[in-house]
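Examination of the molecular architecture
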Amino acid sequence: KTSTNISDSIHSSGLRFSDTQMIAGNEKMPSYNSNGTMTGNSGNGYARITSLSDNKIYNFAYKGNYDTFTAPSNGNYKIELWGGGSTGYGAYTSGTIELKKDYKLYVYVGGAGNQNCVTGTGGGWNGGADASTTGCSRGGAGATDVRIVSGDFKNLDSLKSRIMVAGGGGGAENNNNSGY
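Not measured: the values here are computed from a predicted model. (Residues numbered from 1 in each chain as written. Predicted model: local features only at pLDDT ≥ 70, side-chain atom pairs only at ≥ 80, totals over all residues. Heavy atoms only, no water.)

**Overview of the overall build of the protein chain**
- A count of helices and strands for the protein chain gives one helix and 14 strands.
- Counting every position in the protein chain, which comprises 180 residues, the buried fraction comes to 43%.
- Within the protein chain, contacts between residues at least 6 apart in sequence are counted, and of these 59% link residues at least 24 apart.
- Counting every atom, the protein chain has about 9000 Å² of accessible surface; 45% of that belongs to carbon and sulfur. (Helix = DSSP H or I, 4+ residues; strand = E, 2+ residues; numbered from the N terminus. Buried < 20%, exposed > 50% of the residue type's maximum accessible area, 1.4 Å probe, protein only. Contact = heavy atoms within 4.5 Å. Areas by Shrake-Rupley, 256 points an atom, 1.4 Å probe, with all protein chains shown as cover.)

So, in structure tokens, the structure goes:
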């Protein structure tokens, strides 16, 4: 169930998000490695969870598997996600969520798509599509998401439990050196 106001929505798990934001990969978004901004994310994805009660920051970089975040105390946490980038740039999403002490979230940080001319392979970890089997192609990047059920990134029960997703950038094909 979701309210009609995107800034105040309730996930089917009962978790409630506030102060939500979604930014497409071709727009300016906060940078995860500085206080500035960037236009889309290139390379591997990234995730950050900030405890708003004590301003403690938990960072999650790409590793080709999921990480487990366990809430250290009752309180509000800001979740920020950057999708992996490829020829197209990854998106950004954020929101604040209230968690109880010891509540577990599973963080899946998407991998970058292969930037070399490799046909039929090269999709980034966590859902990036493989490159085309023709021409000089680049794979798509993987999404970065947070789930409440762990498992392999393709596991259906785990996928259905996603509570926040930042999409990965798309791949591309170069036909006859005309550009991607």
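What follows picks up the thread again.
**As for the sheet that holds strand β7 (residues 66-70)**
- Within the open sheet, the four strands sit side by side as β7-β10-β12-β13. Their pairing is antiparallel. This sheet does not close on itself; its edge strands, each paired only once, are β7 and β13 (162-166). The mean inter-strand angle of the sheet, taken between neighbouring strand axes irrespective of direction, is 20°.
- Looking at chain direction, strand β12 (residues 144-147) and β13 are connected through four bridges and run antiparallel. Each residue of the ladder has a partner; that of Arg 147, found in β13, is Arg 162. (Pairing = 2+ DSSP bridges. Axes fitted to C-alpha atoms, helices over the stretch in contact; angles between N-to-C directions.)

**A closer look at the nonpolar core**
- Ranked by internal contacts, the top residues of the largest apolar core, which has 20 residues, are Ile 49, Phe 60, Phe 69, Ile 79, Ile 97, Leu 99 and Leu 105.
- Of all the secondary structure elements, the ones that give two or more residues to this core are β5 (46-51), β6 (57-61), β8 (75-82), β9 (92-99), β10 (104-108) and β13.
- Here Ile 97 is in contact with Leu 15, Arg 16, Phe 17, Gly 75, Asn 76, Tyr 77, Ile 79 and Ile 163, once residues within four sequence places are set aside.
- Ranked by size, the runner-up nonpolar core spans seven residues in total, among them Ile 23, Tyr 32, Met 38 and Tyr 92. (Core = buried A, V, L, I, M, F, W, Y, C linked by side-chain atoms within 4.5 Å.)

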